Amino acid sequence: SIMCLGNMAANSFNHAAMIEQGALRMLIIRSRCNEKDIQEYSAFAIANLSSNEDVLNTIGEEGGIIPLITLAKSSSAHSACLGLSALRRLATFPNNWVRMLHSDILPA
């Protein structure tokens, strides 16, 4: 079901309904589980949602930055690029700057 949400999130037409129906919150919750595949697929879906500038603040507000940071640290080049691209996109929204800093996006 997480992979299905990722596929749905690939189409920006679905984003508003997904946010409204609580899919983002569910993806963020699932990204915290112990199973690496579920963590990664949840982050993929969040990254797909980040392609829509209308939801960048919501992703930051709801806690979507941490899963994207984790994705950006992936050993898979494709996954890391997807995570970094999504974080770059979120950084275009000024409210996310402090959220990113508080999410330990930069190593100490």
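Relevant structure appears above.
Remember, predicted model here, so these are calculated numbers, not experimental data.

### What to know about the side chain of serine 31
Next up, step 1: As for its position among the elements, serine 31 is in the loop between helix H3 (23-30) and helix H4 (36-49).
Next up, step 2: Take serine 31: its relative accessible area is 13%, and that puts it in the buried class.
Next up, step 3: Reaching out from serine 31, the side chain makes a polar contact with the backbone oxygen of isoleucine 28 at a distance of 2.6 Å.
Next up, step 4: Among residues more than four places away in sequence, those in contact with serine 31 are Gln39, Ser42 and Pro67.

### Let's talk about the pattern of salt bridges
Next up, step 1: In total, this model carries one salt bridge according to the counting rule given.
Next up, step 2: A salt bridge links arginine 25 to glutamate 62; the shortest N-O distance between them is 3.1 Å. On the criterion of sequence distance, the pair formed by arginine 25 in helix H3 and glutamate 62 in helix H5 (residues 56-62) is long-range, its members being 37 residues apart.
Next up, step 3: Note on glutamate 62: relative accessible area 26%, which makes it partly exposed.

### A look at the side chain of serine 74
Next up, step 1: Topologically, serine 74 is positioned in the loop between helix H6 (65-72) and helix H7 (77-90).
Next up, step 2: A relative accessible area of 18% means that serine 74 is categorised as buried.
Next up, step 3: A polar contact of 3.1 Å, which involves the side chain of serine 74, links it to the backbone nitrogen of serine 76.
Next up, step 4: If we ignore the near neighbours within four places in the chain, the residues touching serine 74 are Glu40, Ser79 and Ala80.

### Quick word on the packing of H4 against H6
Next up, step 1: Put simply, H4 and H6 touch, their axes get as near as 9 Å, and they point 110° apart. Relative to H6, the element H4 is oriented roughly perpendicular. For the pair H4 and H6, the crossing hand works out as left-handed. Contacts from Glu40, Ala43, Phe44, Ile46 and Ala47 in H4 reach Pro67, Leu68 and Leu71 in H6.

Definitions and limits used
- Residues numbered from 1 in each chain as written.
- Predicted model: local features only at pLDDT ≥ 70, side-chain atom pairs only at ≥ 80, totals over all residues.
- Heavy atoms only, no water.
- Helix = DSSP H or I, 4+ residues; strand = E, 2+ residues; numbered from the N terminus.
- Buried < 20%, exposed > 50% of the residue type's maximum accessible area, 1.4 Å probe, protein only.
- Polar contact = N/O pair within 3.5 Å; in protein donor to acceptor, adjacent residues only side chain to side chain.
- Contact = heavy atoms within 4.5 Å.
- Salt bridge = Lys/Arg side-chain N within 4 Å of Asp/Glu carboxyl O.
- Axes fitted to C-alpha atoms, helices over the stretch in contact; angles between N-to-C directions.
- Parallel < 35°, antiparallel > 145°, perpendicular 65-115°, else oblique.
- Left-handed = near helix turned anticlockwise from the far one by under 90°.

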